[in-house]
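Listed here are the chains, written in short residue letters.
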Amino acid sequence: MDALFTNAFLVAFVSGTIAASLPLLLAGLGEQMSEKAGVLNLGLEGMMLVGAFCGFAVALETGSFLLGFLAGAAGGMAVAAMMAALCVALPLNQIVVGIALTLGMQGATSLAHHVLYSRTFPRLPRQPEVALPLLSQIPVLGPSLFTQNPVVYLALLLVPAAAWLYRATNIGLNLAAAGSKPAALDLAGVSVTATRAFAVLATGALGGLGGAYMANIGAGLFVPFMTGGAGFMAIVIAMLARGRPAWVLGGALLVGFATSITTALQVAGFNIPTDLVLMLPFGTIMLVLTLFGRRAGLPAALGLPYHRGAR
Amino acid sequence: MSAAATPAAAALPAWLRALVPLVLALGIGALILAALGRDPVQFFANVLNRAVFNRSGLQETLVLMAPLLLIAASLIVCFRAGLWNLGIDGQFLLAATFASAFAAAWVAALPYWVAMALLFLLAAAVGAGWAMLPAFLKARYGVNEIVSTLMMNFLGFGLSAFLIKTLFGDPEHPAPQTTMLEVAERLPRIGETLVHVGVVFALLVILAVHVVMTRTGFGLRLRIVGHNPRAAEHAGLNVRRLTFAVFAISAALAGLAGAVEVLGVRGVVRADWHPGYGLLVVPLVFLARFHGVAAIAFVFVFAVLSIGGESAARRADLPNDFLLIMMALILVILAVTDHVASRARG
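Thresholds applied
- Residues numbered from 1 in each chain as written.
- Chains lettered and ligands numbered in written order.
- Predicted model: local features only at pLDDT ≥ 70, side-chain atom pairs only at ≥ 80, totals over all residues.
- Heavy atoms only, no water.
- Contact = heavy atoms within 4.5 Å.
- Buried area = accessible area lost by both parts, 1.4 Å probe.
- Salt bridge = Lys/Arg side-chain N within 4 Å of Asp/Glu carboxyl O.
- Polar contact = N/O pair within 3.5 Å; in protein donor to acceptor, adjacent residues only side chain to side chain.
- Helix = DSSP H or I, 4+ residues; strand = E, 2+ residues; numbered from the N terminus.
- Nonpolar A, V, L, I, M, F, W, Y, C, P; charged D, E, K, R; others polar.
- pLDDT = per-residue confidence, 0-100.
- Patch = residues over 30% accessible without salt bridge, like charges linked within 9 Å, V, L, I, M, F, W, Y side chains within 5 Å.
- Areas by Shrake-Rupley, 256 points an atom, 1.4 Å probe, with all protein chains shown as cover.
- Axes fitted to C-alpha atoms, helices over the stretch in contact; angles between N-to-C directions.
- Parallel < 35°, antiparallel > 145°, perpendicular 65-115°, else oblique.

Chemist: Got a minute to help me understand the interface of chain A and chain B in this structure?
Modeler: The extent of an interface is frequently quoted as the accessible surface area lost upon association of the parts. Residue-level contacts link 43 residues of chain A with 41 residues of chain B. Approximately 3,900 Å² of surface area, both sides summed, lies buried where chain A meets chain B, with 83% of it carried by carbon and sulfur atoms. Across the pair Asp317(B) and Arg119(A) runs a salt bridge, and its minimum N-O distance is 3.8 Å. Applying the counting rule to chain A against chain B returns 2 residue pairs in polar contact (both at pLDDT 80 or more). Among the elements that make up the side of chain A that touches chain B, the one with the highest residue count is helix H4 (residues 94–116) of chain A (13 residues). Classifying every residue of the side of chain A that touches chain B by side-chain character gives 30 nonpolar, 10 polar and 3 charged.

Below, the structure is given as structure tokens:
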């Protein structure tokens, strides 16, 4: 009995941690790229919501999980294109536009949900999973840890890929220059606008993918406001990670860990006040900030529009 | 990254600068409504009829303005000083919870205005207290305050709900909530209206904040820190102490907003209550260019939209969240016209 009890606890805990961390990981990696290039992307929450809605709608319509995820990424990119047009091509205030996009997309997805699904409340069937050979046969934890949706593996592969991009490629250097000394990048003959727009669009794709994961894999349905602040959490994680993709993974896992411990403890029969447990991820971040966040090295030109020739 | 104001874009008359984008945004909103098969003229007529041309509706609009104005004042202080206090929602909710928890008991035990004054002080202190950790991290270690204040929001929501379910809960009520402050004991109303004195208080506060920030030495010092902290340090200003002062004042004002909302209108805080005003007021304050009087106008427009829009959306069988699209349109178009106006002046 005891062993079963522990297994149920562990499985709930592990799968809960992954489900909660993955959208944060995807969106956080995206936001990191955008911040690196000097754009503080407060529209991320809106991009995730649109990704969730488009991902769900297309997966429901076509029955294809792959098309659903592509649609989620495309939806996020559509919102990101607005952000890029207003804050990169035009030098509008990133905070105002970011918040406006988040508010507008909350309204738009809620409206679309009202029109399309508020009478039927459709659900998606369980999405396909891929069991990694050998690893998934490890007793107890193996099945829940190594049998995942392909998107999970993709997201994990993105971490070293992003690190490589930042460290070893011209694109990575251009991104960093766009964020810390855009005038220098301009002098080197590289378009600051194009570099930043690329970063913002990539953020939209990743945020949209994260949203689609929440809707299609996490919940199996779409409800208005379903991202519930995950976009803002991802922004915080990206800021804390200071340009290092591995830290985004760490931060996302930490928050996912703290989120899922609530459910897991309830499965295990502990009765602790939910409100306090829900504070855990945020308390953890505050603690990390207090202990390690002392030299928050954000890109120098973060949040500032670039005017060619202006001093 | 500085939040300090660029004192540009004042060439167009202020009312025109606000009116043109408003009309454009409403026009696009009308197109969306028409595309959904709703009558846009009817929709906007419903908004105005409910929120402006209706006696009780207009009063509701004014009442909603009270907490929003205090939040705007709170943001003007910190944004002008170049600090991003995005923790207003947590400070607001926690202060509201504390004020509400003690309201009924203190009003019963003390002379009315003494009790009210103490409750407002308590709310201000709770709000300011909740900002002290981010203030310390910023002043001492330079930790980015956007991150820390956003996190303190979520902690504030959790703590507030926990307190209401344990210490501050009304044991006689089945749902978790604080003890109700009776209608007769809430902030007195002006004449025969629903408008309570908190609205006048909020107006006076935001005007006072505007004067302090633009016309006094203290305000000037804060603006110097906002424009260039390093220059401020060289000029002999104690940037650390000013950082603490900004966080304390800004968060205390957010706390007062919570007190006004609870002692003036609601009389109670339920464990699941999340007005989330903060994020809505941030863009309004930006568009007002941190100007107190302009902020009053923007807050009024927002209050009209949210009071009138609620009933108009219900009548048109649209979700209430439809208004968020309108808000977003107004914000984006205001930002664009602002940009065009400042470009036109060179």
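Chemist: I would appreciate a short explanation of the side chain of Thr203(A) in the present structure.
Modeler: Secondary-structure assignment places Thr203(A) in helix H9 (residues 192–219). With sequence-adjacent residues up to four places away left out, Thr203(A) is seen in contact with Gly30(A), Glu31(A), Ser34(A), Asn41(A) and Leu44(A).

Chemist: In this structure, what is going on with the confidence of the model for chain B? I would like to understand it.
Modeler: Detailed reading of predicted coordinates is not advised where the pLDDT is low. Residues and elements named next belong to chain B. With 95% of its residues at a pLDDT of 70 or more, chain B shows a mean pLDDT of 88. Here helix H1 (residues 14–35) stands out as the element of chain B with the lowest mean pLDDT, 81, in contrast to helix H5 (residues 112–130), whose mean of 96 is the highest. A low-confidence stretch, residues 1–11 (pLDDT under 50), is modelled with 31 contacts involving residues beyond four sequence positions or located in other chains. The complex model carries a pTM of 0.84, and its ipTM stands at 0.83.

Chemist: Just checking my understanding: could you explain a nonpolar patch on the surface for this structure?
Modeler: Residue and element names in this part refer to chain B. On the surface, Trp113, Ile190, Val197, Val200 and Leu204 cluster together to form a nonpolar patch covering roughly 450 Å² of accessible area. Broken down by element, the nonpolar patch gets its largest block of residues, 3 residues, from helix H8 (residues 197–215). Locating Trp113 in the fold gives a position in helix H5.

Chemist: Hey, could you run me through the packing of H8(B) against helix H9 (residues 217–227) of chain B in this one?
Modeler: The angle between the axes and the distance between the axes are what describe a pair of packed helices. All names here are of chain B. Direction vectors running N to C along H8 and H9 enclose 70°, while the axes themselves pass 5 Å from each other. Taken together, the axis directions place H8 and H9 in an arrangement best described as roughly perpendicular. Mapping the contact onto sequence places Val212, Met213, Thr214 and Arg215 in H8 and Gly217, Phe218, Gly219, Leu220, Leu222 and Arg223 in H9. Counted by class, the contact of H8 with H9 contains 5 nonpolar, 3 polar and 2 charged residues.

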